[in-house]
Amino acid sequence: VDGALFDWGRFSEAAFLILVSLAGGAKHGYAMMEDIAAFADMRLRSGTLYGALTRLEERGLVEPLPTADRRRPYRLAAAGVVALQAQLSSLDVRVAIGRQRLAADQAS
Amino acid sequence: MSPTSLRGALRLFAIRTLLRLYPRAWRRRYGVEFVALVTQRPLSPLEVADVVRGAVDARRVASRTMTSRRVPVCSASSIANSAAPTAVLERWRNGWTGRRRDMTGKQQRFRCSFCGKRRDQVRRLIAGPGVYICDECVALCNRVIADGEHPHSCQQPEGARPAVQRQAAPWWQGWQHLVRRWLETRRTGHLQMTVRQLIAGAASSST
């Protein structure tokens with residue numbers, strides 16, 4: 001992940017949202033769904049969520065915790081923190097440029 | 001039986017069926033937590049479609065990363081699944097996008113239709129009209145037939161049972177017998193588990 005958003009097709013956004021969700025503490029799948037629905041107003045579906053989650057785990061960005069009552073919580077790994085920071089700063093640049101150009105457009 | 005428990009059993013059956021679309025290795029790692037997650041959500045058509053798409057994706061990933069194929073084993077259940085769909089099933093289990101590495105040209109034709117072994121993997125392969133069977137599967141069939149030879153009621157002499165008694169038997173007698181035999185022959189699948197739950201529910205509500 002070199003600063004850009006994940007290149008995982010339809011799983012890219014889900015992966016980003018999962019990282020943001022896990023930055024607020026370890027969660028299992030259903031809790032992630034509820035959390036993402038609350039802060040991003042977006043309902044991830046089970047297949048998409050696990051498609052993104054398997055990729056994140058495979059690349060060591062999230063870590064599985066011991067299962068509790070058949071549900072397994074996940075937490076952000078050290079590499080995941082780095083990846084999330086890189087993504088956020090690249091988004092910062094895009095947001096800043098967008099705002100700047102809109103302001104310049106309205107001024108002229 | 002109450003309609004809610006029937007619906008619950010069917011729902012669980014549907015979810016387990018959906019899970020079977022995923023590759024074996026994936027199910028082993030994520031199966032339990034995934035089922036726990038899906039059972040918590042309403043199973044809308046969009047949700048089902050998303051899970052199916054997830055399964056297709058997991059298979060694509062698996063066929064890219066996995067190198068070894070599962071060797072087909074000669075078993076009673078592979079015989080029960082019959083000849084024709086075996087190749088398709090095998091292909092689906094191992095991922096559609098994977099190249100057929102060990103099934104090329106003519107070799108592919110000379111395979112046991114029951115266990116899938118090639119001609120050079122068995123001692124003898126016997127050809128039938130469009131099907132093949134290996135010596136191991138013939139031996140297994142003989143064992144299965146020998147096991148299944150029970151003294152059947154149809155061997156009783158005519159008129160041994162009065163006609164009145166036969167009429168008194170409930171209409172589903174034959175059906176129940178068939179289901180029980182089926183449950184005894186293949187007891188690992190989740191459809192069997194669902195049917196057993198339904199039967200247990202019916203029995204408990206009738207008493």
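Residues numbered from 1 in each chain as written. Chains lettered and ligands numbered in written order. Predicted model: local features only at pLDDT ≥ 70, side-chain atom pairs only at ≥ 80, totals over all residues. Heavy atoms only, no water.

Engineer: What is the right way to look at the overall build of chain A in this model?
Structural biologist: Along chain A, the regular secondary structure elements total 4 helices and 2 strands. When the helices and strands of chain A are read in sequence order from the N terminus, they spell out α-α-α-β-β-α. Put simply, chain A has 108 residues, and 41% of those count as buried. Here the contacts in chain A between residues at least 6 apart in sequence split such that 50% fall between residues at least 24 apart. Element-wise, carbon and sulfur atoms account for 53% of the exposed surface of chain A, whose accessible area totals about 5,800 Å². (Helix = DSSP H or I, 4+ residues; strand = E, 2+ residues; numbered from the N terminus. Buried < 20%, exposed > 50% of the residue type's maximum accessible area, 1.4 Å probe, protein only. Contact = heavy atoms within 4.5 Å. Areas by Shrake-Rupley, 256 points an atom, 1.4 Å probe, with all protein chains shown as cover.)

Engineer: Just to check I follow, could you spell out the interface of chain A and chain B for this structure?
Structural biologist: Listed per partner, the contact involves 23 residues of chain A and 21 residues of chain B. Buried surface at the junction of chain A and chain B, summed over both partners, amounts to about 2,000 Å²; 49% is from carbon and sulfur atoms. Taken as a group, Arg45(A), Tyr50(A) and Arg70(A) account for 32% of the area that chain A buries against chain B, more than any other trio of residues on that side. The tally of links from chain A across to chain B stands at 5 salt bridges. Where Arg72(A) meets Glu33(B), a salt bridge forms, and the shortest distance between an N and an O atom there is 2.9 Å. Where chain A packs against chain B, one counts 12 residue pairs in polar contact (both at pLDDT 80 or more). (Buried area = accessible area lost by both parts, 1.4 Å probe. Salt bridge = Lys/Arg side-chain N within 4 Å of Asp/Glu carboxyl O. Polar contact = N/O pair within 3.5 Å; in protein donor to acceptor, adjacent residues only side chain to side chain.)

Engineer: Explain the pattern of salt bridges to me, please; I cannot follow it from the model alone.
Structural biologist: Think of it this way: side chains of opposite charge can pair up when their charged atoms draw near. The tally for this structure, following the rule as stated, stands at 13 salt bridges over all chains. We note a salt bridge from Glu57(A) to Arg29(B), for which the minimum N-O separation is 3.0 Å. Of the two residues, Glu57(A) sits in helix α3 (residues 46-58) while Arg29(B) sits in helix α2 (residues 24-40), which places them in two different chains. One salt bridge in this structure joins Arg123(B) and Asp135(B), with 3.5 Å as the shortest N-O distance. Residue Arg123(B) is found in the loop between α6 (105-109) and β1 (125-127), and its partner Asp135(B) is found in helix α7 (residues 135-147); the two are separated by 12 residues along the sequence. Residues joined in a network through salt bridges with shared partners are Glu57(A), Arg72(A), Arg29(B) and Glu33(B).

Engineer: I would appreciate a short explanation of empty space enclosed by the protein in the present structure.
Structural biologist: Leftover empty space is mapped by rolling, across the atoms, a probe with the size of a water molecule. Applying the stated criterion to the full structure yields 1 cavity of 30 Å³ or more. Approximately 40 Å³ is the volume found for the largest cavity. When contributions to the lining of the largest cavity are tallied by element, the ones reaching two or more residues are α2 (29-40) of chain A together with α2 of chain B. Broken down by element, the lining of the largest cavity gets its largest block of residues, 3 residues, from α2(B). Residue classes in the lining of the largest cavity are distributed as 3 nonpolar, 3 polar and 3 charged. (1 Å grid on protein atoms, 1.4 Å probe; cavity = no way out; pocket = protein on both sides within 12 Å on 5 of 7 lines; lining within 4 Å. Points joined across faces, edges and corners; volume = space filled by probe spheres on them. Nonpolar A, V, L, I, M, F, W, Y, C, P; charged D, E, K, R; others polar.)

Engineer: Could you clarify how one ought to interpret unusual backbone geometry in this entry?
Structural biologist: Residues other than glycine predominantly adopt negative phi, and peptide bonds predominantly adopt the trans conformation. In this structure, Asp41(A) takes a positive phi of about 55° despite not being glycine. Classification of Asp41(A) by relative accessible area gives exposed; the value is 71%.

Engineer: Would you explain the packing of aromatic side chains in this entry?
Structural biologist: Working definition: an aromatic ring pair is given by the centre-to-centre distance plus the angle between the planes. In the structure shown here, the tally under the stated rule is 7 aromatic pairs over all chains. Here the aromatic rings of Tyr50(A) and Trp26(B) are separated by 6.2 Å at their centres, their planes lie at 70°, and the arrangement is edge-to-face. Taken together, the positions of Tyr50(A) in helix α3 and Trp26(B) in helix α2 put the pair across two chains. This pair shows no difference in class: Tyr50(A) is buried, exactly as Trp26(B) is. Note that Arg29(B) overlies the ring of Tyr30(B), its terminal NZ or CZ placed 4.2 Å from the centroid. (Phe/Tyr/Trp six-rings, centres within 6.5 Å; stacked < 30°, edge-to-face > 60°. Lys NZ or Arg CZ within 6 Å of the ring centre and 35° of its normal.)

Engineer: Can you walk me through the nonpolar core in this structure?
Structural biologist: Considering soluble globular proteins, one finds that nonpolar side chains tend to be buried as a cluster. Of all hydrophobic cores here, the largest spans 38 residues; its most connected members are Ile18(A), Leu49(A), Tyr50(A), Leu56(A), Tyr74(A), Trp26(B) and Phe34(B). Per-element tally for this core: the top contributor is helix α1 (residues 12-23) of chain A, with 7 residues. (Core = buried A, V, L, I, M, F, W, Y, C linked by side-chain atoms within 4.5 Å.)

Engineer: I'm lost on α3(A) in this one. Help?
Structural biologist: Residues and elements named next belong to chain A. Here α3 spans 18 Å end to end across 13 residues, near enough to the 18 Å set by a 1.5 Å rise per residue. Burial analysis of α3 places 12 of its 13 residues in the buried class, the great majority of the element. Of the residues one or two after α3, Gly60 is the one with positive phi, at around 70°. (Expected span 1.5 Å × (residues − 1).)

Engineer: Would you mind showing me how to read the packing of α3(A) against α2(B) here?
Structural biologist: Packed helices, taken two at a time, are described by the angle their axes make and the gap between the axes. Where α3(A) contacts α2(B), the two axes come as close as 11 Å, and the packing angle between them is 140°. In terms of orientation, α3(A) and α2(B) fall into the oblique class. Viewed along their axes, α3(A) and α2(B) form a crossing whose handedness is right-handed. Within the contact between the two elements, α3(A) uses Ser46(A), Gly47(A), Leu49(A), Tyr50(A), Thr54(A) and Glu57(A) and α2(B) uses Trp26(B), Arg29(B), Tyr30(B), Glu33(B), Phe34(B), Leu37(B) and Val38(B). Per-class residue counts for the contact of α3(A) with α2(B) are 7 nonpolar, 3 polar and 3 charged. (Axes fitted to C-alpha atoms, helices over the stretch in contact; angles between N-to-C directions. Parallel < 35°, antiparallel > 145°, perpendicular 65-115°, else oblique. Left-handed = near helix turned anticlockwise from the far one by under 90°.)

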